[in-house]
Amino acid sequence: MKKILVTGANGQLGQCLQKISSQFEEFEFIFTDSETLDITNKEEVNDFFWQNAPDFCINAAAYTAVDLAETDIEKAFLVNADGTENLAEACAENNAQFIHVSTDYVFDGENNLAYTEEDFTNPLGVYGASKLAGDELALEVNPCSVILRTSWVYSEFGKNFVKTMLNLFATKDELNIVADQFGQPTNANDLAEAIMKIIKSEKITPGIFNFSNLGRISWFDFAEKIAELSEAKIKLNAIETSQYPTPAKRPKNSVLDLDKISKTYGIQLKPWEESLEGCVQILQNN
């Protein structure tokens, strides 16, 4: 039985992979968090691979506190760059397939079109820079790596925009939402299913791939749809980024071109509204 190591088991993607793991009886899953496997410790990573001999490694571990990263630079690079390199190298040395999850924050958002995998990267902040470093190191030490760049991730697990909005809708009468940043929501459940489709494909094509749900929206559009689906009685005001300053700059446009992943792996992409509806239903039923 082939083994799949999943790091970052307590994150959104990690929990979504745990949720569907029972559907894949042909694989043995090994779920780890920072306490059971410190990916920043090269020796510990090598020992873990030697003892457990995974055939695949899905790196869902990441330092994702975008604003905090601006001051916590060393930790962000340790996890997102060094940790990624350690796993990619261990995969190369142990003949395991490395699948790494990256971000739209590697781009500066100045492009008016959807970003392709070949477009120029220019992160605006520490988080994006640390993730880009991880992408580059992974491909350097392990050219067979598969890197999935995704955006605006949410699910019924962890902290995310959808859960934050639903909580605020329950306590506020009105909210200001940024309307001049554009991107694509990604339901982490869809990302988990896409990763398993890649693992089960007959031939794994290495390289960088974009993945998200279909559609181009603003954060304001996103909030409006969440309000509509949850039947919230809330007044939403569209504001500009300049009216909501944050320690880290966000890309104005981080829409990703999704052609490559659908053509290479035959992955059918869902419209963002459809995926969001399912998630809001789960959260409301809970």
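This structure is a prediction, so every number in the text was calculated from the model and none was measured.

Reading the values: rules and limits
Residues numbered from 1 in each chain as written. Predicted model: local features only at pLDDT ≥ 70, side-chain atom pairs only at ≥ 80, totals over all residues. Heavy atoms only, no water. UniProt positions renumbered as here; feature names shortened; annotations may be inferred. Helix = DSSP H or I, 4+ residues; strand = E, 2+ residues; numbered from the N terminus. Phe/Tyr/Trp six-rings, centres within 6.5 Å; stacked < 30°, edge-to-face > 60°. Buried < 20%, exposed > 50% of the residue type's maximum accessible area, 1.4 Å probe, protein only. Core = buried A, V, L, I, M, F, W, Y, C linked by side-chain atoms within 4.5 Å. Contact = heavy atoms within 4.5 Å. Salt bridge = Lys/Arg side-chain N within 4 Å of Asp/Glu carboxyl O. Disulfide = S-S within 2.5 Å.

Chemist: Before we move on, could you go through the UniProt feature "domain: RmlD-like substrate binding" (unreviewed entry) in the chain and cite the residues and values that matter?
Modeler: Here the UniProt feature "domain: RmlD-like substrate binding" (unreviewed entry) sits at residues 3-283. Each end of residues 3-283 is marked by a C-alpha atom, and these two atoms are 31 Å apart; helix forms 39% of the span and strand 17%.

Chemist: Can you tell me about the packing of aromatic side chains, naming the residues and giving the values?
Modeler: Per the stated rule, a full pass over the model turns up 12 aromatic pairs. Measuring from centroid to centroid gives 5.6 Å for F29 and F31, while their planes differ by 5 degrees, and the two rings are stacked. Exposure remark for F29: the relative accessible area of 16% places this residue in the buried category. Plain terms: the ring middles of W152 and F222 are 6.3 Å apart, the flat faces sit at 20 degrees to each other, and that makes the pair stacked. Taken together, the residues span a long stretch of sequence, with W152 in the loop between strand 5 (146-150) and strand 6 (153-154) and F222 in helix 7 (residues 219-230) at a distance of 70 residues. Assessed through its relative accessible area of 9%, W152 is described here as buried.

Chemist: Lay out the nonpolar core in plain terms, naming residues and giving numbers.
Modeler: Formed by 38 residues in total, the largest nonpolar core has its most connected members in I4, L148, I195, M196 and I199. Taken together, the elements giving at least two residues each to this core come down to strand 1 (2-7), helix 1 (12-20), strand 2 (27-31), strand 3 (56-59), strand 4 (97-103), strand 5, helix 6 (188-200) and helix 8 (259-265). Looking at this core, the element that brings in the most residues is helix 6, giving eight residues. Once residues lying within four places of it in the same chain are set aside, the contact partners of M196 are I4, L17, I20, F24, F27 and F29.

Chemist: So what's going on with the pattern of salt bridges? Residues and values would help.
Modeler: Per the stated rule, a full pass over the model turns up nine salt bridges. Of the charged contacts in the structure, one is a salt bridge between D135 and R149, with a shortest N-O distance of 3.0 Å. Of this pair, D135 sits in helix 4 (residues 126-141) while R149 sits in strand 5, placing them 14 residues apart in sequence. What makes D135 buried here is its relative accessible area of 1%. Note that K235 is salt-bridged to E174, the shortest N-O span being 3.9 Å. Remark: E174 occurs in strand 7 (residues 174-178) and K235 occurs in strand 12 (residues 235-239); sequence separation between them is 61 residues. When its relative accessible area of 47% is taken as the criterion, K235 is described as partly exposed.

Chemist: Break down the state of the cysteines for me, citing the residues and quoting the values.
Modeler: Applying the stated criterion across every chain, the model contains zero disulfides. No disulfide involves C57; its sulfur sits 4.5 Å from that of C91, the nearest cysteine. The class of C57 is buried, set by a relative accessible area of 0%. No disulfide involves C279; its sulfur sits 8.4 Å from the nearest other cysteine sulfur, which is in C16.

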